[in-house]
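Residue-level structural notes
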Amino acid sequence: MIENFLESSKYAQELFEIDDEIVEKIERESLEDKVPIITRDVLNFMIYNANNINAKNILEIGTATGYSGLFLARIANKNGGKLTTIEIDEKRHKIAKENFEKLGLLDKNEMILGDALEEIPKLDQSKKYDFIFIDASKGQYLKFFEMSYGLLNENGVIFIDNLMFRGLVAESDENVPKRFKTIVRRLREFIQKLNKEYNFILLPFGDGVGLVRK
Ligand SMILES: C[S@@+](CC[C@H](N)C(=O)[O-])C[C@H]1O[C@@H](n2cnc3c(N)ncnc32)[C@H](O)[C@@H]1O
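Residues numbered from 1 in each chain as written. Predicted model: local features only at pLDDT ≥ 70, side-chain atom pairs only at ≥ 80, totals over all residues. Heavy atoms only, no water.

Points about a nonpolar patch on the surface
Note the threshold: The patches reported here contain residues having more than 30% relative accessible area and no salt bridge. Joining distances are 9 Å for like charges and 5 Å for nonpolar side chains (Val, Leu, Ile, Met, Phe, Trp, Tyr). A 1.4 Å probe and the Shrake-Rupley method give the accessible areas. Residues count as covered only by the protein chains that appear here. The term salt bridge refers to a pairing of a side-chain nitrogen on Lys or Arg with a carboxyl oxygen on Asp or Glu at a separation within 4 Å. Think of it this way: any DSSP run of H or I at least four residues long counts as a helix, any run of E at least two long counts as a strand, and we number them from the N terminus.
The grouping of I2, F5 and L6 at the surface amounts to a nonpolar patch, some 330 Å² of accessible area in total. Tracing the backbone through its elements, the reader meets F5 in helix 1 (residues 5-14).

See below:
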């Protein structure tokens, strides 16, 4: 058991180096603007997983500024496929498109502006994805999951970030602030369901990462 978890987490994050100035700037500006982008340790692990299965077509729910998406797009494009990413916020979607443009990724991938709950059903339901990254509003995770599982290829992976919601999912009820009670209850129910009914593993690092393999 690692007692000094925060230092260990920092150590793991520092193993992921970004040598591309544009990408580094996207990360920095997103953090300065308080956009909740993926942390480097979880990103590193996600890239590792997507690469391991040679993910060709990738779906991302929650683009934000396109930071995680740019890495996923590169993997998908390398394998002859594309990233489809969905963002509800117009301003973030615009920034993400500009970022993809700067990196030459805009033409090869699909960036959708809209509510994923409405946009996922509009996707070509016969097209399957090898890797799906769920990273939007946590209260809707179960819905995102149920909508996208049918779009996952055999052996495909669904990668879910922030499942433990700042660790609150593992706290006793009296330590969960009132305003977070509903979201924490929903996340717990979601985790229990995944654990019982799917090929699922919960990893308590970052903000809690869940993997489902079909
Ligand atoms: C945690 S951020 C995504 C971070 C991004 N994946 C990254 O790591 O670079 C979550 C994003 O999901 C978006 N979002 C929330 N609910 C959504 C929905 N129903 N449909 C699409 N996007 C949504 C938010 O606007 C926000 O930009």
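Examining the nonpolar core
Note the threshold: By nonpolar core is meant a set of buried Ala, Val, Leu, Ile, Met, Phe, Trp, Tyr and Cys residues that side-chain atoms within 4.5 Å join together. Only protein chains enter the area calculation, which uses a 1.4 Å probe; residues under 20% of their type maximum are buried, those over 50% are exposed, and those in between are partly exposed. Should any heavy atoms of two residues lie within 4.5 Å, those residues are counted as being in contact.
Of all hydrophobic cores here, the largest spans 35 residues; its most connected members are Y67, L70 and F131. Those elements that place two or more of their residues in this core are helix 2 (21-32), helix 3 (40-52), helix 4 (67-78), helix 5 (90-102), strand 4 (129-134), strand 5 (152-160) and strand 7 (209-213). Considering every element that reaches this core, the biggest residue donor is helix 4, with 7 residues. In contact with Y67, other than residues within four places in its own chain, are I18, V23, I26, E27, I37, I38, R40 and L43. By size, the runner-up hydrophobic cluster in this structure holds 33 residues, among which are L59, I86, I112 and Y149.

Looking at the site of the ligand
To keep it simple, the criterion reads: We call a residue near a molecule or strand when any one of its heavy atoms sits within 4 Å of it. Whenever a nitrogen or oxygen atom comes within 3.5 Å of another N or O atom, the pair is scored as a polar contact, on the condition that within protein one atom can donate a hydrogen and the other can accept it, and that pairs from neighbouring residues in sequence are kept only if both atoms are in side chains. Note on residue classes: Ala, Val, Leu, Ile, Met, Phe, Trp, Tyr, Cys and Pro are nonpolar, Asp, Glu, Lys and Arg are charged, and everything else, Gly too, is polar.
The local shell around the ligand holds 22 residues, among which I38, G62, E87, R92 and D135 are the closest. In this structure, E87 approaches the ligand through a side-chain N or O atom, which is 2.6 Å from an oxygen atom. Residue D135 places a side-chain N or O atom 2.8 Å away from a nitrogen atom belonging to the ligand. Secondary-structure elements contributing two or more residues to the shell around the ligand are helix 4 and strand 2 (83-87). Grouping the constituent residues of the shell around the ligand by class yields 11 nonpolar, 5 polar and 6 charged.

Quick notes on the packing of helix 7 (residues 141-149) against helix 8 (residues 181-197)
Here is the rule we go by: With axes taken as lines fitted to C-alpha atoms, and helix axes fitted only over the stretch in contact, angles between N-to-C directions fall between 0 and 180 degrees.
For the pair helix 7 and helix 8, interaxial distance at closest approach is 9 Å and the crossing angle is 35°. In contact with Y141, L142, F145 and E146 of helix 7, helix 8 contributes L187, F190, K193 and L194.

With respect to the pattern of salt bridges
Following the criterion strictly, the structure yields 11 salt bridges and no others. With a shortest N-O distance of 3.2 Å, E24 and R28 are connected by a salt bridge. Pair noted here: E24 and R28 are both in helix 2, with a separation of 4 residues, about one helical turn. Residue E24 is classed as partly exposed on the basis of its relative accessible area of 27%. The closest approach of N and O atoms between E29 and K25, which form a salt bridge, is 3.2 Å. Within this pair, E29 and its partner K25 are both found in helix 2, separated by 4 residues, close to a single helical turn.

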